[in-house]
Amino acid sequence: MLLPFLLTLTSCSALVPAPAQSSAGDESPDATALAPLRGTPVPAGSALSPSLAVKIDNHEAARPQVGLERTDIVFEELVEGGLTRYVAVWQSGIPELVGPVRSIRPMDPDIIAPFGGIVAYSGGQQQFVDLMEATDVVTVSQESDETGVFYREDSRDAPHNVILKAKELVDRNDTVAVPAQQFSYTPTVAGSSAATDGEAVSAVDSRFSDQRWPGWTWDQASLTYLRSQEGTPDLDGSGAQLRATNVLILRVDIDETSTNVPKTTMVGSGEAWVSAGGKSLHATWSKTGRDAPIRLVDDNGQAVRLAAGNTWIELVPGDRGSVELRQ
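This write-up is about the structure you can find in this document. Note that the structure is predicted; figures quoted are calculated from it, not measured.

All right, on to the side chain of arginine 105 then. Relative to the helices and strands, arginine 105 is located in the loop between β7 (84-90) and α1 (108-112). The exposure class of arginine 105 is buried, given its relative accessible area of 9%. Aside from chain neighbours lying at most four places away, what touches arginine 105 is Lys55, Glu77, Val79, Glu80, Arg85, Phe128 and Val261.

Below you can see the structure in the form of structure tokens.
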């Protein structure tokens, strides 16, 4: 049955104790911790950076973006004219530069607040800026910044050319707290909930509008999903295809009654599809408040575990978008 939202199937940084000393008398390896936004092991005491969330442009003139290949978590959201933008989040490794940077939108405080940390954007309507500044996140806007962490890149056309000196910004705010872990993780792709309980799929396609339809294709060799946009491989600045260990599709409501721009409704719940390891699992997402993280449970009510690695989250409109899982 074809519906406005189509689903088809076609054919926290807790320490991990070091192991005990071996019988041969070898010294125990150094203790490790989990990178809070990836679930990957890192040396204890090394994952102390605050998170950095940045509004990243996804206009054709903004591609390839700078630094997206190093993100921990990316949210894709609907904006005006059927286009999309990203809320990209870094913590495990902060690039020197990221961009192009664009303006804040009304749903961004609900997306970013659970991470704490720092948010950077080029500007925005004052009502949206006020919402962002009402959170506990350190906010940095190009419109009001006097420190020089933003600049315009001559090789790109405005307004798709604002670049952020990301590492410099984070280094200036190194006393900001480390983010809380947002999702449950397993150490391996094979141990994730999708890989153990899901159905095998070769590709995950979604549609935000007639202008934006991102897709993800499973790549067994790298154990990741390769990203495309509008049927074309989505490349980073080096020419490599963007990829993700986990792909989340969240069905969301779009509120256009209170503002003159689409607002993704993030506080609430809805359908979700979680993909990892070449399989996809049907689930439910929920978020109880602005500062609360997204929770994922499967159809049996069990918490969904992601694979350790990076995650892309597609916030697909439920009233006009669609999802197709291809075997």
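The discussion continues.
For the rest of this paragraph, the subject is the pattern of salt bridges. Under the defined criterion, the tally for this structure stands at 19 salt bridges. The salt bridge partner of glutamate 77 is lysine 55, with a shortest N-O separation of 3.0 Å. You can see glutamate 77 sitting in strand β6 (residues 73-78) and its partner lysine 55 sitting in strand β5 (residues 52-56), a full 22 residues away along the chain. Here glutamate 77 and lysine 55 have matching classes, each one buried. With its nearest N and O atoms 3.0 Å apart, the salt bridge here joins aspartate 171 to lysine 167.

For helix α2 (residues 126-133), the full list of buried residues reads Phe128, Val129 and Met132. For α2, the angular spread of the buried residues around the axis is 100 degrees, confining them to a single face. As for α2, its buried residues are in contact with α1, β8 (118-121) and β9 (138-141).

Okay, the side chain of serine 192 next. Note that serine 192 resides in the loop between β12 (184-186) and α4 (193-197). Beyond its immediate stretch of four places on either side in the chain, serine 192 contacts Thr186, Ala276, Arg305, Leu306 and Ala307.

Here we take up the pairing of β5. Most of β5 sits inside the fold, with five of its five residues counted as buried. Relative to β7, β5 runs antiparallel, the two being bridged by five bridges. Bridge assignment links isoleucine 56 to a residue of β7, and that residue is tyrosine 86. One ladder, built from three bridges, connects β5 with β8; its direction is parallel. Within the sheet, the bridge partner assigned to alanine 53 lies in β8 and is valine 119.

Cut-offs used in this document
- Residues numbered from 1 in each chain as written.
- Predicted model: local features only at pLDDT ≥ 70, side-chain atom pairs only at ≥ 80, totals over all residues.
- Heavy atoms only, no water.
- Helix = DSSP H or I, 4+ residues; strand = E, 2+ residues; numbered from the N terminus.
- Buried < 20%, exposed > 50% of the residue type's maximum accessible area, 1.4 Å probe, protein only.
- Contact = heavy atoms within 4.5 Å.
- Salt bridge = Lys/Arg side-chain N within 4 Å of Asp/Glu carboxyl O.
- Arc of directions from axis to C-beta.
- Pairing = 2+ DSSP bridges.

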